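Understanding the architecture of this molecule
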Amino acid sequence: MFEHLSALPADPILGLLTKYREDSHPQKVDLGVGVYKDPAGNTPILDCVKTAEKLRTDSETTKVYIGPTGSAPFNELMNALAFGADHPVVQTRRIRTVSTPGGTGALRVAAEFIAKCKPGATIWVSDPTWANHTGLFQAAGLTVKTYPYYDYDNKCLKFDEMLTALKQVGAEDAVLLHACCHNPSGQDLSTAQWDAVVEVAKDKGFLPFIDMAYQGFGDGVDEDAYGVRAMAAAVENMVLASSCSKNFGLYRERIGACSIIGKDSAQADVSLSVLLYVVRCIYSMPPAHGAAIVETILGSAELKAQWLDELKVMRDRINGNRAMLVNKLHALGASRDFSFIARQKGMFSFLGISEAQVNTLMKDYSIYMVGSSRISIAGISEDNVDYLAKSIIAVL
Ligand code: LMR
């Protein structure tokens with residue numbers, strides 16, 4: 001049976017991990033996968049996570065099954081984090097949340113849920129979007145189409161075109177929006193632009209499906225949730241996929257959440273029953289350890305304050321890296337204006353070079369980034385910025 005298989009290429013993002021690890025160049029630079037790195041190039045465990053983990057290990061009494069919804073306290077705390085505890089959808093009990101294996105698990109569960117609402121439904125994603133969105137939605141049987149988003153020439157949003165496209169979307173389609181820190185472009189909607197998109201969603205009646213993988217990495221935990229909260233306050237139905245991989249640094253624990261908003265509490269209950277069926281058929285129930293860490297942190301005023309501080313350190317470092325690269329390129333006389341990198345948000349930006357130039361950077365300089373020229377900003381450091389900027393200028 002296996003002879004019918006043909007080998008598939010490595011994942012365009014995760015494949016870089018192996019290439020980078022196998023490279024012995026002393027000055028190699030990893031701008032591939034979106035993980036936070038400290039100035040020494042390490043991805044540390046947050047102090048608040050270490051404390052929470054210890055507390056949990058000491059107090060844990062069982063490893064019995066947790067059930068497909070995952071941890072109820074985690075789900076509630078995640079609702080408060082995403083929407084705010086006072087948000088009408090929380091207060092009127094229109095929201096149902098399940099813990100999921102990472103943000104990717106949340107996206108897949110949500111996609112399967114949409115396919116249950118309407119088999120083969122169309123989902124509109126931004127052009128461009130995270131490389132895994134398309135495969136993941138297609139695997140759930142959805143039809144993926146794109147709406148205009150990033151203007152590669154002018155390094156800004158194609159906002160008018162985006163809005164025009166969204167006005168054509170059918171009421172039975174879903175539209176995927178990035179809450180903040182757009183992956184891969186780093187180009188976010190302003191609050192006024194969110195308001196305009198919310199108006200269109202309300203008017204057209206399509207299902208807004210928001211992916212929030214980087215809450216706290218843009219402007220702050222509440223600021224980054226502006227679109228989520230505004231959309232949830234305006235529409236009857238909405239889906240949210242959130243991740244604790246980046247903001248809690250829990251990458252390998254695989255913890256995230258999938259939330260469904262119903263038009264009323266009864267519809268939310270029906271939706272939850274479908275969600276639980278979906279979960280049971282894929283992985284039965286989510287892992288518990290990551291959720292236990294997050295609920296310990298968010299449930300303690302002291303640990304939450306510490307987490308917000310540690311998150312700010314990560315956010316500030318990424319923003320600092322953006323400015324540092326732009327300044328270095330400018331100081332070294334780059335023939336192009338890279339100032340857009342300092343204006344964009346979150347973990348990623350496109351350098352705006354060709355795939356051939358990306359390959360030269362990889363082969364001749366051991367600098368790794370996705371073929372689209374997406375760079376993971378956290379991989380820049382005081383130690384490598386000079387080499388990086390000189391190498392970029394050399395291939396321009
Ligand atoms: C990324 O885009 O680099 C991250 O979200 C990691 C991943 O799974 O692709």
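Residues numbered from 1 in each chain as written. Predicted model: local features only at pLDDT ≥ 70, side-chain atom pairs only at ≥ 80, totals over all residues.

Turning to the site of the ligand, a few remarks are in order. In the region of the ligand, the neighbouring residues are I13, V33, G34, W130, N132 and N183. Grouping the amino acids of the shell around the ligand by side-chain chemistry returns three nonpolar, three polar and no charged. (Near = placed C-beta within 6 Å. Nonpolar A, V, L, I, M, F, W, Y, C, P; charged D, E, K, R; others polar.)

A few words now on the domain arrangement of the protein. What the domain assignment lists for the protein is domain 1 (11-44 + 315-395) and domain 2 (65-299). One C-alpha centre belongs to domain 1, the other to domain 2, and the line joining them spans 28 Å. Between domain 1 and domain 2, the residue contacts involve 20 residues of the former and 20 residues of the latter. Listing elements by their share of the side of domain 1 that touches domain 2, those giving two or more residues are α13 (301-331) and β11 (348-350). The dominant element in the side of domain 1 that touches domain 2, judged by the number of residues it contributes, is β11, at three residues. Class assignment for the residues of the side of domain 1 that touches domain 2 results in ten nonpolar, seven polar and three charged. (Domains from an automatic or database assignment. Contact = placed C-beta atoms within 7 Å. Helix = DSSP H or I, 4+ residues; strand = E, 2+ residues; numbered from the N terminus.)

This brings us to the pairing of strand β8 (residues 207-212). The element β8 is largely enclosed, with a buried count of six among its six residues. The two faces of β8 match: L207, F209 and D211 on one face and P208, I210 and M212 on the other face are all buried. Direction of pairing for strand β7 (residues 174-178) relative to β8: parallel, over a ladder of five bridges. Bridged to V175 within β8 is P208. Once the chain exits β7 it traverses helix α8 (residues 191-204) before rejoining the sheet at β8, and the crossover so formed is right-handed. (Buried ≥ 20, exposed ≤ 12 C-beta atoms within 10 Å, placed from the backbone. Pairing = 2+ DSSP bridges. Right-handed = clockwise from strand over helix to strand, strands pointing away.)

Once that is clear, we can look at the nonpolar core. The biggest cluster of nonpolar side chains holds 115 residues, and the ones touching the most others in it are A110, I123 and V228. Split by domain, the residues of this core number at least three in each of domain 1 (11-44 + 315-395) and domain 2 (65-299). The residues touching V228, leaving out its near neighbours within four places in the chain, are A82, F83, A179, I210, M212 and L240. (Core = buried A, V, L, I, M, F, W, Y, C linked by C-beta atoms within 7 Å.)

The element strand β9 (residues 238-243) is extensively covered by neighbouring structure, given that six of its six residues are classed as buried. In β9, alternate side chains face the same way, and those of M238, L240 and S242 on one face and V239, A241 and S243 on the other are all buried. Pairing analysis gives four bridges linking β8 to β9, with the strands arranged parallel. Among the inter-strand pairings, M212 is bridged to a residue of β9, identified as S242. As defined by bridge partners, β9 adjoins strand β10 (residues 256-261) across six bridges and the pair is classed as antiparallel. Directly across from L240, in β10, lies its bridge partner S259.

Turning to the packing of helix α5 (residues 102-117) against helix α11 (residues 265-282), a few remarks are in order. It is the contact of α5 with α11, at a shortest axis distance of 9 Å, that shows an interaxial angle of 120°. Comparing the axis directions of α5 and α11 gives the class oblique. Between α5 and α11 lies a crossing whose hand is right-handed. Residues V109, E112, F113 and K116 of α5 pack against V274, L275, V278 and V279 of α11. Class assignment of the residues belonging to the contact of α5 with α11 gives a composition of six nonpolar, no polar and two charged. (Axes fitted to C-alpha atoms, helices over the stretch in contact; angles between N-to-C directions. Parallel < 35°, antiparallel > 145°, perpendicular 65-115°, else oblique. Left-handed = near helix turned anticlockwise from the far one by under 90°.)

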